[in-house]
Structures are given as structure tokens and as C-alpha cells.
Amino acid sequence: MTPVQAPFPQSRPRRLRASPARRALVAETRLAPADLIWPVFVRDGNAVEEPVASMPGVVRRSIDRVVEAAREAADLGIPAICLFPYTGAEQRTADCAEAWNPDNLSNRATRAIKAAVPEIAVMTDVALDPYSDTGHDGFVEGGRIVNDATVEALVKQALAQAEAGADILGPSDMMDGRIGAIRAALEQAGHTDVTIMSYAAKYASAFYGPFRDAVGAASALKGDKKTYQMDPANTDEALRMVARDLSEGADMVMVKPGMPYLDICRRVKAELGAPTFAYQVSGEYAMIRAAALNGWIDGERAMMESLGCFKRAGCDGILSYFAPAAARLMAGG
Ligand code: PBG
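Residues numbered from 1 in each chain as written. Predicted model: local features only at pLDDT ≥ 70, side-chain atom pairs only at ≥ 80, totals over all residues.

- An unreviewed UniProt entry lists the protein chain under the name Delta-aminolevulinic acid dehydratase, with Roseovarius ramblicola given as the organism.
- Under Sequence similarities (unreviewed entry), UniProt gives the following word-for-word description of the protein chain: "Belongs to the ALAD family."
- UniProt, in the comment section headed Catalytic activity (unreviewed entry), describes the protein chain in these words: "2 5-aminolevulinate = porphobilinogen + 2 H2O + H(+)". (UniProt positions renumbered as here; feature names shortened; annotations may be inferred.)

Quick look at the structure:
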């Protein structure tokens with residue numbers, strides 16, 4: 001469709017921008033709290049909220065505080081919360097066994113949330129990096145990330161998360177074949193209703209820096225993740241990854257990071273038509289917050305504009321550290 005417009009003076013497009021009421025009537029996209037998934041960092045202890053230095057306004061919470069956060073999110077209309085455990089060096093081992101411990105931090109947090117706030121969907125992270133002494137998402141042998149042995153471990157981790165009551169599993173590891181293996185194991189164990197949101201198009205990005213700090217992986221990580229995360233130069237490959245993960249049993253797919261990859265969001269939604277989510281990652285959040293704290297941009301407006309761009313690009317929803325602040329603003333305060 002090529003829009004045609006009469007020439008001036010018959011056409012005055014500014015009429016539609018002339019008042020808030022008319023702008024509201026013709027707005028093509030809208031952001032709502034229901035579009036948001038809130039990633040939160042969980043740590044051990046009680047009544048703890050510990051600031052993450054590289055993410056102003058974001059804290060690591062003990063489980064009791066995560067439950068309070070889940071309550072607040074649900075009351076704001078945010079449908080899902082996504083858990084990332086902060087793990088100290090003592091929980092990081094070569095065999096990553098803590099990943100499938102039924103009582104690990106993430107699984108205990110899931111059970112606590114589902115008991116107290118059953119209406120909110122709990123999403124969990126399927127990847128070995130919180131539990132690995134190398135900071136990688138898979139096992140390392142001879143300097144290489146080994147795929148198939150990692151997938152076996154991811155299946156155990158995913159089953160433990162499903163047992164704990166997770167509604168949505170988010171494999172963020174980028175190993176080949178993990179979606180199919182996890183889906184088959186879930187079916188066999190009777191977890192037929194557990195949703196998989198695949199981190200399908202996850203790029204090897206510099207924008208994850210603050211996150212690695214937040215989960216305690218920054219100092220552990222040796223080398224980079226370029227042999228499993230995608231090359232930022234590629235577009236067609238993202239479509240192949242999304243199509244593959246959908247064929248293996250993913251229900252929803254994700255593009256990550258968000259703002260630097262809006263072209264990928266647009267193509268994924270247009271060409272595959274699947275539920276498509278963007279992850280506005282830690283570095284994106286940190287940039288906006290840092291500029292706002294310096295008084296260089298209006299933080300609230302930049303936050304809302306940055307979230308709105310994902311709706312314009314065709315995304316069904318957004319994982320964002322801004323979720324509660326944005327939802328509060330949308331609720332009028
Ligand atoms: C790792 C994982 C990462 C993020 C989510 N899961 C970092 C990485 O791949 O190193 C990044 C999220 C963010 O930056 O906000 N499994």
C-alpha cells in the first residue's frame with residue numbers, strides 16, 4: 001500500500017497532531033503493562049535489596065523481596081516476571097551441578113512466587129552461566145564450548161525448573177538442539193503446559209556488560225561467546241534460528257538485544273508470524289539511565305519512547321528492566 005496524500009493546502013497532516021485527543025485517536029501502536037516482562041535478579045539472604053552499580057535503580061533481591069516485587073508487578077498488570085540468580089564463586093563448578101538442584105536459588109524463588117502470587121507467570125533462565133566456573137553458557141573442554149553434553153545438562157536444568165512451577169522456560173544458551181531436547185523431556189515428564197520462549201536470535205553483544213556484573217559472571221567469564229551467540233552482521237541467520245526453534249517446539253521467540261536489532265524484530269514478526277519478544281538488555285537500560293541521571297535526556301520520556309519502538313517494530317512484548325517504572329507511569333503515577 002502506497003499512501004497517497006493530497007497536496008497542500010487541502011492536506012494539512014498537522015491537524016491530526018493538533019491536540020492530545022486527536023493524537024490519541026490516530027496512534028498506530030500502544031504500549032500497555034500487559035506487553036511487559038520484568039527481569040529480576042535474585043540473591044540469597046533475607047530482606048536484602050542490593051544495588052547493582054552498573055544498573056542504577058536495579059537491585060538484587062532476596063527471595064522474600066522478589067515475592068513482594070512479583071506482587072507489585074501483578075498489581076500493575078505486568079503478566080510475567082523473569083528470574084536470574086546471582087551466584088557467588090562457591091556455587092560455580094566445572095560440572096555446573098547447582099543448575100539442576102531442585103532447591104537452588106532460582107527454583108526456591110519460583111516456588112515462593114507461585115505460592116504467594118499464583119497469577120503472575122514465572123519465567124526462568126535455562127543456561128549454565130550462573131553455575132559455571134568459566135562464566136560460559138555451556139561446558140568447556142579444551143577451550144571449546146561443547147554442544148551436546150551441554151544440552152543434556154540444560155534438559156536436567158529445565159526439568160528442575162518445570163518441577164518448581166515455572167510457567168515459561170527461557171533457554172538463553174544458544175546451543176544447537178536444546179529446544180527440541182527440552183520439549184521432548186517436558187512432554188515425557190508430563191509438563192505439557194510449560195511454555196518455551198526461545199532466545200532464538202541472540203547476538204554476541206557488548207550490551208550485556210552490566211548484566212554479567214549483576215549476576216556475578218563478569219569476573220568469571222573467560223573469553224567471549226562468539227562461537228555460540230550470533231554475529232551482529234547477520235540477518236538471514238536470525239530467521240533461520242527462529243524457524244528452527246519454532247520447529248523444535250518453541251512457543252514464543254525472542255530477539256536480543258532489542259534497540260540495536262529492531263530490524264530483526266520486524267523481519268521475524270513479518271516472516272514467521274510467531275509471538276515475538278525483544279529483550280531490552282542491561283546495556284540499553286544502563287545507557288538511558290546514565291544519560292538521564294546526568295540530566296542529558298528526559299529519563300521518563302526516553303524510557304517510554306524506547307519501549308514503544310518495539311511495538312512499532314511488531315513485537316508482541318518486551319523484557320525490560322523498566323517494566324515496573326513504565327507500568328507505574330502508565331497507571332498515572
Ligand atoms: C546468559 C544471559 C545473558 C543475558 C541474559 N542471559 C548474558 C550473556 O549472554 O552473557 C543478558 C541480559 C542483559 O544484558 O540484560 N545466559
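## Examining the site of the ligand
Part 1: As a matter of local geometry, the ligand sits amid Asp125, Ala127, Asp129, Asp137, Ser172, Tyr208, Phe211, Arg212, Lys225, Val281 and Ser282.
Part 2: Taken together, the residues of the shell around the ligand break down into 4 nonpolar, 2 polar and 5 charged. (Near = placed C-beta within 6 Å. Nonpolar A, V, L, I, M, F, W, Y, C, P; charged D, E, K, R; others polar.)

## Examining unusual backbone geometry
Working note: non-glycine residues mostly have negative phi, and peptide bonds are mostly trans.
Part 1: Each neighbour pair has its own omega, and for phenylalanine 8 with proline 9 the value is 10°, a cis peptide bond.
Part 2: The linkage connecting lysine 256 with the following residue, proline 257, adopts the cis geometry, with an omega of -10°.
Part 3: Mapped onto the elements, proline 257 comes out in the loop between strand 10 (252–256) and helix 8 (262–272).
Part 4: Despite not being glycine, alanine 47 has its phi angle at roughly 55°, a positive value.
Part 5: Of note, alanine 47 is situated in the loop between strand 1 (36–42) and strand 2 (49–51).
Part 6: The phi angle at cysteine 96 is positive, at roughly 55°, despite the residue not being glycine. (Helix = DSSP H or I, 4+ residues; strand = E, 2+ residues; numbered from the N terminus.)

## A word on the confidence of the model for the protein chain
Part 1: Of the residues in the protein chain, 100% have a pLDDT of 70 or more, and the chain-wide mean is 96.
Part 2: Among the prediction metrics, the complex's ipTM stands at 0.97, with pTM recorded as 0.97. (pLDDT = per-residue confidence, 0-100.)

## Describing helix 8
Part 1: Turning to helix 8, its buried residues number three or more, namely Ile264, Cys265, Arg267, Val268 and Lys269.
Part 2: Looking at the buried residues of helix 8, the elements they touch are strand 9 (195–202), helix 7 (236–248), strand 10, strand 11 (276–280) and helix 10 (299–312). (Buried ≥ 20, exposed ≤ 12 C-beta atoms within 10 Å, placed from the backbone. Contact = placed C-beta atoms within 7 Å.)

## Digging into the pairing of strand 11
Part 1: Most of strand 11 sits out of view: 5 of its 5 residues are buried.
Part 2: Neither face of strand 11 is exposed, since Thr276, Ala278 and Gln280 on one face and Phe277 and Tyr279 on the opposite face are all buried.
Part 3: Note: strand 10 against strand 11, 3 bridges, orientation parallel. Paired with valine 255 across the bridge in strand 11 is alanine 278. (Pairing = 2+ DSSP bridges.)

## Considering the packing of helix 7 against helix 8
Angle between the axes and distance between the axes: these two values describe a pair of packed helices.
Part 1: Here helix 7 crosses helix 8 at 45°, and the two axes come no closer than 10 Å. Judged by the angle between their axes, helix 7 and helix 8 are oblique. You can see that helix 7 and helix 8 cross each other, and the crossing is right-handed. Touching Ala238, Leu239, Val242, Ala243 and Leu246 of helix 7 are Ile264, Arg267, Val268, Glu271 and Leu272, all from helix 8.
Part 2: For the contact of helix 7 with helix 8, a count of residues per class yields 8 nonpolar, no polar and 2 charged. (Axes fitted to C-alpha atoms, helices over the stretch in contact; angles between N-to-C directions. Parallel < 35°, antiparallel > 145°, perpendicular 65-115°, else oblique. Left-handed = near helix turned anticlockwise from the far one by under 90°.)

## Examining the packing of helix 2 (residues 63–75) against helix 3 (residues 105–116)
Part 1: Where helix 2 contacts helix 3, the axes come no closer than 9 Å and their chain directions differ by 45°. On the basis of the axis angle, helix 2 is oblique to helix 3. Note on packing geometry: the crossing formed by helix 2 with helix 3 is right-handed. Where helix 2 approaches helix 3, its residues Ile63, Val66, Val67, Ala70 and Arg71 are matched on the opposing element by Arg108, Ala109, Ala112, Ile113 and Ala116.

## Notes on the environment of alanine 80
Part 1: Mapped onto the elements, alanine 80 comes out in strand 4 (residues 80–85).
Part 2: The spatial distance from the C-alpha of alanine 80 to the C-alpha of aspartate 167 is 9.1 Å, given a sequence separation of 87 residues.
Part 3: Apart from residues no more than four positions distant in its own chain, alanine 80 is found in contact with Ile37, Ile120, Ala121, Met123 and Ile168.

## A closer look at the pairing of strand 10
Part 1: In terms of burial, strand 10 is a largely internal element, 5 of the 5 residues being buried.
Part 2: The alternating pattern of strand 10 places Met252, Met254 and Lys256 on one face and Val253 and Val255 on the opposite face, and all of these are buried.
Part 3: Where strand 9 and strand 10 come together, 5 bridges link them in parallel fashion. Note that in strand 10 the partner of serine 198 across the bridge is valine 253.
Part 4: For the segment spanning strand 10, helix 8 and strand 11, crossover handedness is right-handed. (Right-handed = clockwise from strand over helix to strand, strands pointing away.)

## As for helix 7
Part 1: Look at helix 7: 19 Å from first C-alpha to last across 13 residues, which is about the 18 Å you get at 1.5 Å a residue.
Part 2: Every buried residue of helix 7 is listed here: Ala238, Met241, Val242, Asp245 and Leu246. Down the axis of helix 7, the sector holding all buried residues measures 130°, keeping them to one side. In helix 7, the exposed positions angled more than 90 degrees off the buried face are occupied by Asp236, Arg240 and Ser247.
Part 3: Where the residues of helix 7 are buried, they touch helix 5 (178–188), strand 9, strand 10 and helix 8.
Part 4: Glycine 249 occupies a position one or two residues after helix 7 and carries a positive phi of about 120°. (Expected span 1.5 Å × (residues − 1). Arc of directions from axis to C-beta.)

## Focus: the environment of alanine 70
Part 1: Tracing the backbone shows alanine 70 in helix 2.
Part 2: Using a count of 25 C-beta atoms within 10 Å as the deciding quantity, one classes alanine 70 as buried.
Part 3: Each C-alpha atom, one on alanine 70 and one on cysteine 82, is 9.8 Å from the other, the two residues being 12 residues apart in sequence.

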